[in-house]
Structures are given as C-alpha cells and as structure tokens.
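As a plain string of letters, each chain reads:
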Amino acid sequence: NYMLNMPCVSTMGKGPNGKKIEGFLYRYQKGEEVKIMCVCHGNFLSPAEFVKHAGGGDVANPLKQIVVNPSPLLR
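(A) Summary view of the overall build of the protein. Secondary structure summary: the protein contains one helix and five strands in total. In the protein, the succession of α and β elements from N to C terminus is β-β-β-β-α-β. With 75 residues in all, the protein has 28% of them scored as buried. Long-range contacts, defined as pairs at least 24 residues apart, comprise 38% of the intrachain contacts of the protein with a sequence gap of at least 6.

So, in structure tokens, the structure goes:
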C-alpha cells in the first residue's frame, strides 16, 4: 500500500493566525525535492510552503519546523 510508505508530518504556525496542519511526506529520496501533501486541501507543497500554510511565515530552515510522526496506519 502506497500510503503505508508515506510518513506523516505536521507543523504549527506561530502567532494569532497560526494553526497546526498535517500532511504526508510525499517524496524524500536522495537528490529529489521534498514535497508534502497537505491533508486539509490535498495540495503538494514544498517544506517552506507547508510552514507558511500553517501561518509560520518565512523561516530560514523550514525543515526544522516540521515534525515527522509515526504513520497512524502502522499503529
């Protein structure tokens, strides 16, 4: 199952417009750009776009703002 191989990720935006959003790490192989599928809209986003989507604004290293969670399908 393809979904079993997609780690769950989340980030929390800062400030009054910040919210927690979740997604799936879509592409994470060496040499490929990381993409995250946002759960709320089904859009594919870069890590920077994913953090902005949560209300986090521009950050120097967006990957440090993203938490990789165990897949709920594996529990």
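(B) Layout of the side chain of Thr11. Along the chain, Thr11 falls in strand β1 (residues 8–12). Within the structure, the side chain of Thr11 is placed 2.7 Å from the backbone oxygen of Gln65, a separation counted as a polar contact. The residues contacting Thr11, other than those within four sequence positions of it, are Lys19, Lys20, Ile21, Phe50, Val51, Ala54, Gln65 and Ile66.

(C) Broad picture of the nonpolar core. Core analysis: the biggest nonpolar cluster contains ten residues, these being Val9, Ile21, Leu25, Ile36, Cys38, Leu45, Phe50, Val51, Ala54 and Ile66. Elements with a contribution of two residues or more to this core: β2 (20–27), β3 (35–38) and α1 (47–53). Beyond its immediate sequence surroundings of up to four residues, Val51 is in contact with Thr11, Gly56, Gly57, Val59, Pro62, Gln65 and Ile66.

(D) Inspection of the environment of Lys64 at higher detail. By secondary structure assignment, the location of Lys64 is in the loop between α1 and β5 (67–69). Sequence separation of Lys64 and Val51 is 13 residues, and the distance between their C-alpha atoms is 10.0 Å.

(E) Structural detail: the environment of Pro16. For Pro16, the position within the fold is in the loop between β1 and β2. The sequence separation of Pro16 and Gly55 amounts to 39 residues, and the corresponding C-alpha distance is 8.6 Å.

Rules behind the numbers
- Residues numbered from 1 in each chain as written.
- Predicted model: local features only at pLDDT ≥ 70, side-chain atom pairs only at ≥ 80, totals over all residues.
- Heavy atoms only, no water.
- Helix = DSSP H or I, 4+ residues; strand = E, 2+ residues; numbered from the N terminus.
- Buried < 20%, exposed > 50% of the residue type's maximum accessible area, 1.4 Å probe, protein only.
- Contact = heavy atoms within 4.5 Å.
- Polar contact = N/O pair within 3.5 Å; in protein donor to acceptor, adjacent residues only side chain to side chain.
- Core = buried A, V, L, I, M, F, W, Y, C linked by side-chain atoms within 4.5 Å.

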